[in-house]
Amino acid sequence: MSQPEEIFALSKIRRTYTVGSEQVHALDGVDLKIYDREFIAIVGTSGSGKSTLMHMLGFMDSPTGGEMVFERRDVSSIGRGERARLRASRIGFVFQAFNLLPRLTVLDNVMLPLVYSRKPIKDKPGRAMNALKRVGMEHRSTHTPNQLSGGERQRVAIARSLINEPRLILADEPTGNLDSKNRSKIMDLFASLLEEGITLAVVTHDDEVANYAKRRIRMQDGKIIEDSAKGATA
Amino acid sequence: MNPVGDIINGATNGLSEVWANKVRSLLSMSGIILGVAALVAMVGIVQGMLTNMRASFELGGGILKLEVVPRDAPEAQQHIAGISPGMTWRDIGAIEKAIPLAAFVTPIVDMRWERFIVGGRREFAFLRGVSPDLTGIHNRELEYGRFIADSDIASKSPVIVIGTHIRDSLFRDEVNAVGQQVRIRNQIYTVIGQFSHMEALIGGRNSLRWQNRMNYIPATTAMARYQGGDEVDSIEILADRVESLPDLVEQVHNTLTQTHRGIQDFEIRTQEEELQEMKKLENSFTYSLGGIAAISLLVGGIGIMNVMLASVSERIREIGVRKAIGARSHDIFIQFLAEAVVISVVGGLLGLAASVGLLTLAQDFIPQGETIQTVPVTAMFYGFVFSSTIGLLSGIYPAMRAARLDPIDALRYE
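Fair warning: this is a prediction, and the values are worked out from it, not measured in the lab.

**Student:** Even after reading the chapter, I still don't get the overall build of chain A, so can you show me in this structure?
**Tutor:** Scanning chain A from N- to C-terminus turns up seven helices and 11 strands. The C-alpha extent of chain A, read off along each of the three principal axes, is 50 × 50 × 40 Å. Counting all 234 residues of chain A, 44% fall into the buried class. Of the contacts made within chain A by residues no fewer than 6 positions apart, 69% connect residues no fewer than 24 positions apart.

Here is the structure:
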């Protein structure tokens, strides 16, 4: 069996903030490899660095130390514009608070990333409808987000994250605002998307959600203290 | 990168954002609306005034007119001044004969303020003796009858062309006074023509009222009946075109020097000075109005900036979301800038609409003459361009603040 393709390779990644005169190490030497078609759960208490790690993987932030390789390319110190380009074309985000724009229709919300990815796409609405079909929300395309339930909103947000066919979808507590019925619906949806070939990293403190993942990474004090792919490291 | 697409996209987003916040957008536009409306309406009214002034000027012959008036001979010629016959009817003939550049020539035999009597009614008005060429210089239209003809000059006919002032005060019942008789200094004149009424109201006063008080008789009649000689008070000449004015002045000078036997007892006046005065007035209006408009539009711009800053802080989370899904700082900058421009452009258009309304209202209150200019197109153009520029400038700072937001912080913002 051949080794699946490597998407991310992080080695000794550090992210240090200066708060007043104090140095805070949000990430303190993280080594991590993410492979194609993986489903990773990143768990840890608040302040453990899991959100910072997710921001790194989502090109929302740059490391202050270490090396970060994405799709065989060193991205440790790329600029803001390049990070925005990668966010637009290679990464899909799913948030706890859904973060749909309330004034746009469901269809327009799903199409929004196409505006920023600047790919020459002819049938943008058709493509957005396909994404909505993948999450079972095509019948709500003309509604606005506040006409939808929480679970429906999150499915629309997932459709939005899919539209640019990203290499990696990052979900930050995607079920945090949902009841248990909707939570399992969303996780089932993720599972079916995994079958279709996406790669997913979920940040969560919910063990039930983490159990869906094949690989679990536990963080503490800016370090990975457990990685189910390797066994306990720290 | 596709800048045209960016701008179209930004404008569309801006429009939908403006539409989504109708009340707020309208309030933020109000400064621009008022500024543009006030600017255009004021320029419209002032332009109307200036147009009337210019019309008045043109009515009197405009820039093409020369006036020749008598004056004392210079000191060096005082002892021989007596050899000049003075300004006489013969000068008219000489000019007509020698100077083709003079399109029209008329003597003015000025009786000034005369008493007109019809039956038991009497009224004072101006009376002048002129030649048929007068209507070529003063742009007057006849409502009834005809003007003085060459035959009237030749036969010194006792005929008169009257204005509406005399018609109204002495022939109250007749709209058409042609054929009626008027007595002036015990001489009877038959009315052969009647001018159209002239009116251009400024602040309720007819700026052309003196035109309606002007009445004319043949110059030869005036000379024969009032002074018994052939002296005229002044001569008015109209150049055939502006370019020939300098030559015309020189030729008139030469001709009259000859007829006056070398004595410089006349002066040739052009309308240059009056024109300069009008230009000065126009400039002072332009600058003071421009200043007021600039200040009100500046205030409008500050209003837009204020609203845009509020809009940015209200939508920090949205900015975070947009950035997270791939918007670059540049995209966010364009988005907010476009919104500011849309507000100011829509405000500018509404201001233009309001200014048309204001001008229409102003016209209802002050019935204008035919010369009023209703829609100052140039002012509208500048008002619009200026307000859009103000919107653009006032949008830059808020748009920069939006663009600079860190996506992580923006997403966390509650």
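Next comes the rest of the write-up.
**Student:** Looking at this structure, how should I read helix H3 (residues 106–117) of chain A?
**Tutor:** In an α-helix, one turn spans 3.6 residues; hence positions three or four apart end up facing the same way. All names here are of chain A. Among the 12 residues in H3, 10 count as buried, and that is most of the element. Of all the residues in H3, the buried ones are Val 106, Leu 107, Asn 109, Val 110, Met 111, Leu 112, Pro 113, Leu 114, Val 115 and Tyr 116. Once H3 ends, the next one or two residues include Arg 118, with phi positive near 55 degrees.

**Student:** Where do I start with the sheet that holds strand S5 (residues 73–74) of chain A in this structure?
**Tutor:** Residue and element names in this part refer to chain A. Sheet architecture is open: four strands sit in the order S2-S1-S4-S5, paired in antiparallel fashion. The sheet terminates laterally at strand S2 (22–35) and S5, the two strands that pair on one side only. Pairing between strand S4 (residues 65–70) and S5: two bridges, direction antiparallel. Bridging from a neighbouring strand, Phe 70 pairs with Arg 73 of S5.

**Student:** Help me understand the packing of helix H2 (residues 22–59) of chain B against helix H10 (residues 272–314) of chain B, please; the structure alone is not making it clear to me.
**Tutor:** Residues and elements named next belong to chain B. Where H2 meets H10, the axes come as close as 8 Å, and the angle between the chain directions of the two elements is 175 degrees. Considered as vectors, H2 and H10 are oriented roughly antiparallel to each other. The class makeup of the residues in the contact of H2 with H10 is 18 nonpolar, six polar and four charged.

**Student:** Help me understand the pairing of strand S6 (residues 181–184) of chain B, please; the structure alone is not making it clear to me.
**Tutor:** Remark: a regular strand shows side chains that alternate across the two faces of the sheet. All names here are of chain B. Across the two faces of S6 the burial differs, with Val 182 and Ile 184 buried and Gln 181 and Arg 183 not buried at all. Bridge count for strand S2 (residues 102–118) against S6 is two bridges, and the pairing is antiparallel. Bridge pairing in S6 places Ile 117 opposite Arg 183. Pairing analysis gives four bridges linking S6 to strand S7 (residues 187–195), with the strands arranged antiparallel. What sits directly across from Ile 184, in S7, is Gln 187. The hairpin turn running from S6 into S7, its antiparallel successor, is two residues long, and Arg 185 in that turn takes a positive phi close to 45 degrees.

**Student:** Sorry, what's going on with unusual backbone geometry here?
**Tutor:** The bulk of non-glycine residues show a negative phi, and the bulk of peptide bonds are trans. The residue Arg 37 of chain A is not glycine, and still its phi comes out positive at about 65 degrees. Within the secondary structure layout, Arg 37 of chain A lies in the loop between S2 and strand S3 (39–44). Judged by C-beta crowding, with 15 C-beta atoms within 10 Å, Arg 37 of chain A ranks as partly exposed. The phi dihedral of Lys 156 of chain B is positive, around 50 degrees, even though this residue is not glycine. Structurally, Lys 156 of chain B can be placed in the loop between helix H5 (150–155) and strand S5 (159–162).

The rules we used
Residues numbered from 1 in each chain as written. Chains lettered and ligands numbered in written order. Predicted model: local features only at pLDDT ≥ 70, side-chain atom pairs only at ≥ 80, totals over all residues. Helix = DSSP H or I, 4+ residues; strand = E, 2+ residues; numbered from the N terminus. Buried ≥ 20, exposed ≤ 12 C-beta atoms within 10 Å, placed from the backbone. Contact = placed C-beta atoms within 7 Å. Pairing = 2+ DSSP bridges. Axes fitted to C-alpha atoms, helices over the stretch in contact; angles between N-to-C directions. Parallel < 35°, antiparallel > 145°, perpendicular 65-115°, else oblique. Nonpolar A, V, L, I, M, F, W, Y, C, P; charged D, E, K, R; others polar.

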